[in-house]
Amino acid sequence: MTTYIIRRLFQLIPVLFGVTLLVFLLMHLTPGNPAQLIAGETASQSTIERIEVSMGLNDPLPVQYVNFVTDVAQLDFGYSYRNNTPVFEEIKPRFWITMELAIYSTILSIFIGLIAGIVSAVRQYSVRDVTIMIIALFGMSMPNFWLGLMLMNWFSIQLGWFPPTGWGSAGQVVLPVITLGTAGAAVIARMTRSSMLDVISQDYIRTARAKGVHEQIVIYRHALKNALIPVVTVVGLQFGTLLAGTVLTETVFSINGLGRLVIDSIMARDFPVVQACILIISVIFVVVNLIVDISYTLLNKRIDMD
Amino acid sequence: MSTNESILEVTDLRTSFFTEGGEVKAVDGVTFDVPAGKTLGIVGESGSGKSITAMSILQLISHPGKIKGGEIKFRGKNLLDLSEKEMRKIRGNQISMIFQEPMTSLNPTYTVGQQIRESYKIHQGLGKKEGSKRAIEMLKLVGIPSPEKRLDQYPFELSGGMRQRVMIAMALACKPDLLIADEPTTALDVTIQAQILELIKELQDELGMSVVMITHDLGVVAETCDYVAVMYCGKVVEYADVRTLFKNPRHPYTVGLLKSLPRSDRDQEELTPIKGTVPSPDEMPVGCRFAPRCPFATNLCHEKLPSLDDVGDGEQIRCWIYTDEWNGDPGVKVYEPERTTEG
Ligand SMILES: Nc1ncnc2c1ncn2[C@@H]1O[C@H](COP(=O)(O)OP(=O)(O)OP(=O)(O)O)[C@@H](O)[C@H]1O
Ligand SMILES: [Mg+2]
């Protein structure tokens, strides 16, 4: 197992190379001169040139890339064009807000998704099953921002149960987490259901019943452990979608997270910040998928680990 | 056969599947006895309802299947009257089952030890330590080398033969009174087949169990069974002790089966398959189910279903030939004189 994890860590190297390269090129292939941006519209040619030299913008691209990666490895993402503050300082508080939002939403979607999927599968084609699956279909197809606006309208504005914007207090957490977690819950519910149905008809489930195992234990131990294997993969993929969803959710609920920072920075053409945000979000995604892969192997003993 | 010498008496058992295409009567009035301490063989072509009969006994039929009626008396008690909770106490404890598919019948995500220990935990309340001790004994009993090591292995680490042994160890863990073995060896190669059958026989003698042996192989029947029930289209058509069945098969289907099924225990002249095919559920004949394929069928056979009748010596036949109503060729009652030299 340890060798497997080490091997998987090594496999991260090309992935990270790809991610950093893409982010790096993103900056250099977009039209517009960064030095011009920093210096402002009216700056003289000599000022721009001075800035270009100080930023190393005249070095060959490979040299610039190496410098970029070296800086990034030390969490040095440069300075924000807008505020002239270190990008890292700008990002840090927002990073935790987004992580909180993403993690709570993931937990919510796993929790709801698993329960709904199991309940559906155990009573296939019952009223309960059909109802849950219809709700799941809605949950999957509803656009994130629309759900957010609807929730805000009903529960904040009409009923006044939760504050409509911001992040921090328990009340502020509820609506954004539901908004962001719903689609994932729906996808996980559908996946769990079909996976459970598949597993329940397997021979070893009949064996368990033939041993005199209580039906509850047949479902929650014998079937669920096997049914979870494909679900784990979906959770990993879902996390990527969820990260993308933070952008809209944070915008709707005016949460000062990474997602909103990305939008604001794009609007202001504040490239170092955009770059850093994308890089960080990509790395989170890669790491989460590594964790998913490892739990997948822990669950599924049949995977060849060597 | 009277109650006190039978461990299991199945009477008019009916199990159907309610599919989109309508009701499929997989088991349609099955009746047989399993004498205590003996082995009953159930034979019949694929799809005749052998496995569904076996699973009905343990009430393991799941949606869209349903046991519609009949009686399954185990030690004089009708299992169909028991609650699910009472039934759980019987499954794996007093009646155990080995399934047709050793490769897929063990849970891939639990170790061999966990799966065997579970039986001890459920039925005898044993903890991990005591359960492991018993599991090792059981694995030793079924001839698995270095059983201590096997406990922590997962099914995928074992061969098919080993997995079937684990299945047997699991089934026999609580020393059941009745073992139902559904083609326990079909998926295995010939030498392992023989070992497994030998093993079941030894354990039967040792533990004094009764066995229901479902098989396609008449060699297996000849070697392991005391009585045989021949099934066709969800019904028992002939029930006899094994010597009588081989020496003097009476139902035309049994005769056909004897000529068409392989026997692993001896060389055979060419196999002659029974003409025609098993009718599909939606075109089930109204009369004798076998009539369309039977060389002796008369109008009576096509129109009316014969009942399963005693014909003496504990033998039962479902065939018009052996009734007073028979109006066909009287000579057909004597089949295959050369068969009398066999068996
Ligand atoms: N889940 C199901 N849905 C519908 N029909 C079924 C189902 N399971 C079994 N049947 C029907 O029950 C009949 C009997 O099946 P069964 O498995 O008992 O046959 P078998 O005698 O054990 O055959 P084999 O020798 O191939 O194992 C089949 O022909 C099939 O039509
Ligand atoms: Mg079968």
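Residues numbered from 1 in each chain as written. Chains lettered and ligands numbered in written order. Predicted model: local features only at pLDDT ≥ 70, side-chain atom pairs only at ≥ 80, totals over all residues. Heavy atoms only, no water.

Looking at an unreviewed UniProt entry, chain B carries the name ABC transporter ATP-binding protein, with the source organism given as Allobacillus salarius. Entered under Sequence similarities (unreviewed entry) in the UniProt record, the comment concerning chain B runs "Belongs to the ABC transporter superfamily." UniProt's Subcellular location (unreviewed entry) comment on chain B is quoted here verbatim: "Cell membrane". (UniProt positions renumbered as here; feature names shortened; annotations may be inferred.)

Under an unreviewed UniProt entry, the name given to chain A is ABC transporter permease, and the source organism is Allobacillus saliphilus. Regarding chain A, the UniProt comment filed under Subcellular location (unreviewed entry) reads as follows: "Cell membrane". What UniProt states about chain A under its Sequence similarities (unreviewed entry) heading is, verbatim, "Belongs to the binding-protein-dependent transport system permease family."

Here we take up the site of ligand 1. Residues and elements named next belong to chain B. Surrounding ligand 1, one finds 15 residues, the nearest of these being Ser46, Gly47, Lys50, Ser51 and Ile52. Note that an oxygen atom of ligand 1 is positioned 2.9 Å from one of the backbone N or O atoms of glycine 47. Contributions of two or more residues to the shell around ligand 1 are made by strand S1 (6-19), strand S2 (22-35) and helix H1 (50-57). Looking at which element gives the most residues to the shell around ligand 1, the answer is H1, with three residues. (Near = heavy atom within 4 Å. Polar contact = N/O pair within 3.5 Å; in protein donor to acceptor, adjacent residues only side chain to side chain. Helix = DSSP H or I, 4+ residues; strand = E, 2+ residues; numbered from the N terminus.)

Residue and element names in this part refer to chain B. In space, the four strands of this open sheet follow the order S2-S1-S4-S5, with antiparallel pairing throughout. Each edge of the open sheet carries a strand with a single partner, namely S2 and strand S5 (77-78). For strand S4 (residues 65-74) and S5, the ladder comprises two bridges, and the chain directions are antiparallel. Within S5, the position partnered with phenylalanine 74 by the bridge is lysine 77. Strand contacts of H1: S1, S2 and S4, with the helix running at about 110° to S1, the strand carrying the most contacts. (Pairing = 2+ DSSP bridges. Contact = heavy atoms within 4.5 Å. Axes fitted to C-alpha atoms, helices over the stretch in contact; angles between N-to-C directions.)

In the first shell of the magnesium ion (ligand 2), the protein supplies Ser51 of chain B (OG) and Gln100 of chain B (OE1), at 1.9 to 2.7 Å from the metal. With a gap of 49 residues between them, serine 51 of chain B in helix H1 and glutamine 100 of chain B in the loop between strand S6 (95-98) and helix H3 (112-124) connect regions that are remote in the sequence. (Donors = N, O, S within 2.8 Å, 3.2 Å for Na, K, Ca; no water.)

So, on to the environment of valine 173 of chain A. Residues and elements named next belong to chain A. Within the fold, valine 173 resides in helix H8 (residues 170-200). Taking the relative accessible area as the measure of exposure, valine 173 reaches 16% and is therefore buried. When the C-alpha positions of valine 173 and leucine 101 are compared, they lie 7.7 Å apart, and in sequence the two are 72 residues distant. Aside from chain neighbours lying at most four places away, what touches valine 173 is Tyr104, Trp167 and Gly168. (Buried < 20%, exposed > 50% of the residue type's maximum accessible area, 1.4 Å probe, protein only.)

Turning our attention to the UniProt feature "transmembrane region" (unreviewed entry) in chain A. Residues and elements named next belong to chain A. The positions UniProt marks with the feature "transmembrane region" (unreviewed entry) are residues 12-30, 101-122, 134-155, 167-189, 227-253 and 273-299. Counted over residues 101-122, helix gives 100% and strand 0%. Its end C-alpha atoms are 32 Å apart. Regarding residues 167-189, the helix share stands at 87% and the strand share at 0%, and the terminal C-alpha atoms are separated by 28 Å.

Moving on, we come to the packing of aromatic side chains. Throughout the structure, instances matching the rule amount to 12 aromatic pairs over all chains. Pairing phenylalanine 77 of chain A with phenylalanine 88 of chain A gives two aromatic rings, centres 6.4 Å apart and planes at 25°, and the pair type is stacked. Separated by 11 residues along the polypeptide, phenylalanine 77 of chain A in the loop between helix H4 (61-73) and helix H5 (87-122) and phenylalanine 88 of chain A in helix H5 bring together distant segments of the chain. Residue class for phenylalanine 77 of chain A comes out buried when judged on its relative accessible area of 11%. With centroids separated by 4.5 Å and ring planes inclined at 50°, the aromatic side chains of tyrosine 232 of chain B and tyrosine 253 of chain B adopt a geometry described as tilted. One end of the pair, tyrosine 232 of chain B, is in strand S9 (residues 227-232); the other, tyrosine 253 of chain B, is in helix H10 (residues 252-260), and 21 residues separate them in sequence. Exposure class is identical for tyrosine 232 of chain B and tyrosine 253 of chain B. Each is buried. Here the aromatic cluster, defined as three or more aromatic residues joined through ring pairs, consists of Phe17, Phe24, Tyr65 and Phe68 of chain A. It is lysine 225 of chain A that lies over the ring of tyrosine 110 of chain B; its NZ or CZ is 4.6 Å from the centre. (Phe/Tyr/Trp six-rings, centres within 6.5 Å; stacked < 30°, edge-to-face > 60°. Lys NZ or Arg CZ within 6 Å of the ring centre and 35° of its normal.)

Below, the discussion takes up the interface of chain B and chain A. The parts lose accessible area when they come together, and the size of an interface is often stated as this lost area. Of the residues lining the interface, 24 residues belong to chain B; the matching set on chain A comes to 20 residues. Taken together, the links from chain B to chain A amount to two salt bridges. Arginine 206 of chain A is the partner of glutamate 101 of chain B in a salt bridge, and the nearest nitrogen-oxygen pair spans 3.0 Å. Summed over the shared surface of chain B and chain A, the result is 15 residue pairs in polar contact (both at pLDDT 80 or more). Secondary-structure elements contributing two or more residues to the side of chain B that touches chain A are H3 and helix H6 (160-172) of chain B. Residue contributions to the side of chain B that touches chain A peak at five residues, all from H3 of chain B. For the side of chain B that touches chain A, the per-class residue count stands at 12 nonpolar, eight polar and four charged. (Salt bridge = Lys/Arg side-chain N within 4 Å of Asp/Glu carboxyl O. Nonpolar A, V, L, I, M, F, W, Y, C, P; charged D, E, K, R; others polar.)

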